[in-house]
Amino acid sequence: MFNLDSLLRDNIRKLVPYSSARDEFKGEAQVFLDANENSLGSPLTRWYNRYPDPHQWKVKEAISRIKGVPPQHIFLGNGSDECIDLLYRAFCVPGKDNVIINPPTYGMYEVSANINDVEVRRATLLDDFQLDLVHLENLVDSNTKIIWICSPNNPTANSMNRQDIEVVLNNFSGLVVIDEAYINFSRHKSFIQELSDYPNLVVLQTMSKAWGLAGLRMGMAFASEAIIDVYNKVKPPYNISQVNQELVLKALEEVGQVNDMIRQLVAMREQLSKDLVALPLVRAVFPSDANFLLVKMENARGVYERLLEDGIVVRDRSKVELCEGCLRITVGTEKENGELLNALAKIG
Ligand SMILES: *Cc1c(COP(=O)(O)O)cnc(C)c1O
């Protein structure tokens, strides 16, 4: 029932991808006169005068060892944002195809759709922030190419029920993208090990959250080899810089340190949640599988502005459907969380 070729845009199916110098010659040599680089060097180190590995094999092998997914099932993007945008460009015909999102959710699925002139259909989450499968099914038609599922979801912080996601994976013949940006903070299992069961599955993860590398820009997509081949066909040839590849490789040696940070952040999240609930102006703190809390407040907008006066900035989600009256608060350091709690206690 799933047919990747028929999902692809005609122009992408027929596309002859750009072939870089580094693609055409992969062997050993001493003299490289094939890529019009500066042979003399650069103002930085000599290394940076050369184009980077277009397929980032060393980084993928290191990620493969940590995640237990073979390198051919991995695509690396300039942030998850690139992983999201390339799917639109490869699969969605502007002005004709559509995708489905489950709001309230991450904003880039819709912005990227708008940039690509692709229709967005909305299956708003149920009151318990879970998928509305009946609504979802009703929105699907023959031009629906992608269903975006964010789990744990931003900004509601919860994970979607696994069985619900499986229903979508088993019944939808387009791509199902599960955005697991916050999976490391969750008690739930990733879908990354299910790639062989679901040819229509794309799992997105990122180095921006648990790995603490938002400044580097490194997003990961895990999928069948066939889908990864499509990614590689449409991506800019050198989308991940040499500097980025080197630094990510170095960071990937420090899994232990990252796991420590995750444990700390999860413990601080639970403590912050308890401390917030105890405040008179807090109506509810929703359970979180992420590194942030969705907090329902008395006069959320007013609280947001009072916090700003103390130099504390949180995310005002109070006008977002199902998040009425809510602020989204990232778990900070011990000191920052203390400052937040003091500032809130001062307000009321
Ligand atoms: C933060 C976040 C990302 C990360 O995007 P990058 O471009 O990799 O920094 C992806 N998805 C969701 C839902 C997020 O909240």
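Residues numbered from 1 in each chain as written. Predicted model: local features only at pLDDT ≥ 70, side-chain atom pairs only at ≥ 80, totals over all residues. Heavy atoms only, no water.

**Observations regarding the domain arrangement of the protein chain**
The parts lose accessible area when they come together, and the size of an interface is often stated as this lost area. Annotation of the protein chain at the domain level lists domain 1 (4-253) and domain 2 (256-347). Between domain 1 and domain 2, the C-alpha centre-to-centre distance is 29 Å. At the junction of the two partners, domain 1 supplies 24 residues and domain 2 supplies 20 residues. Together domain 1 and domain 2 conceal approximately 1800 Å² of surface at their shared face, both sides included; 64% is due to carbon and sulfur atoms. Sorting the residues of domain 1 by area buried against domain 2 places Pro155, Ala157 and Phe185 first, and these three jointly supply 36% of that buried surface. (Domains from an automatic or database assignment. Contact = heavy atoms within 4.5 Å. Buried area = accessible area lost by both parts, 1.4 Å probe.)

**Structural notes on the site of the ligand**
In the region of the ligand, 13 residues are neighbours, and Tyr182, Thr206, Ser208, Lys209 and Arg217 sit closest. One of the backbone N or O atoms of Ser80 is found 2.7 Å from an oxygen atom in the ligand. The backbone of Asp81 places a nitrogen or oxygen atom 3.3 Å from an oxygen atom of the ligand. Out of a free accessible area of 390 Å², the ligand has 93% covered by protein chains. Its residues placed into classes, the shell around the ligand shows 4 nonpolar, 5 polar and 4 charged. (Near = heavy atom within 4 Å. Polar contact = N/O pair within 3.5 Å; in protein donor to acceptor, adjacent residues only side chain to side chain. Areas by Shrake-Rupley, 256 points an atom, 1.4 Å probe, with all protein chains shown as cover. Nonpolar A, V, L, I, M, F, W, Y, C, P; charged D, E, K, R; others polar.)

**With respect to the pattern of salt bridges**
A full pass over the atoms with the stated rule returns 22 salt bridges. Taking the shortest distance from any N to any O, the salt bridge between Asp289 and Arg187 comes out at 3.2 Å. Of this pair, Asp289 sits in the loop between β8 (282-285) and β9 (292-297) while Arg187 is found in the loop between β5 (175-179) and β6 (201-206), placing the two residues 102 residues apart along the sequence. Residue Asp289 is classed as buried on the basis of its relative accessible area, which comes to 3%. (Salt bridge = Lys/Arg side-chain N within 4 Å of Asp/Glu carboxyl O. Helix = DSSP H or I, 4+ residues; strand = E, 2+ residues; numbered from the N terminus. Buried < 20%, exposed > 50% of the residue type's maximum accessible area, 1.4 Å probe, protein only.)

**As for the pairing of strand β1 (residues 74-77)**
Alternating positions in β1 separate into two faces, Ile74 and Leu76 on one and Phe75 and Gly77 on the other, with burial throughout. For β1 and strand β7 (residues 219-223), the ladder comprises 4 bridges, and the chain directions are antiparallel. Within the sheet, the bridge partner assigned to Gly77 lies in β7 and is Gly219. (Pairing = 2+ DSSP bridges.)

**Details of helix α5 (residues 80-91)**
Since the α-helix packs 3.6 residues into each turn, any two residues three or four apart lie on the same face. Helix length check: α5, at 12 residues, gives a terminal C-alpha distance of 17 Å against a target of 16 Å (1.5 Å per residue), a fit within 8%. Counting buried residues in α5 gives 10 out of 12 residues, a clear majority hidden from the surface. (Expected span 1.5 Å × (residues − 1).)

**Examining the sheet that holds strand β11 (residues 326-330)**
Read across the open sheet, the 4 strands follow the order β8-β9-β11-β10; overall the sheet is antiparallel. Of all strands in the sheet, those with a lone pairing partner are β8 and β10 (315-316), marking the two edges.

**Digging into the packing of aromatic side chains**
By the definition in use, this model includes 8 aromatic pairs. Ring centres 4.9 Å apart and planes at 10° place the aromatic pair Tyr109 and Trp148 in the stacked group. You can see Tyr109 sitting in helix α6 (residues 108-115) and its partner Trp148 sitting in strand β4 (residues 144-150), a full 39 residues away along the chain. Residues Tyr109 and Trp148 agree in their burial class; the two are buried. Taking 5.1 Å as the distance between ring centres and 75° as the angle between the ring planes, the aromatic pair formed by Tyr182 and Phe292 counts as edge-to-face. A residue pair is termed long-range when its members are at least 10 positions apart, and Tyr182 in the loop between β5 and β6 and Phe292 in strand β9 qualify at 110 residues. Assigned by exposure class, Tyr182 and Phe292 land together as buried. Through a chain of ring-to-ring contacts, the aromatic side chains of Tyr88, Tyr106, Tyr109 and Trp148 assemble into a single cluster. (Phe/Tyr/Trp six-rings, centres within 6.5 Å; stacked < 30°, edge-to-face > 60°.)

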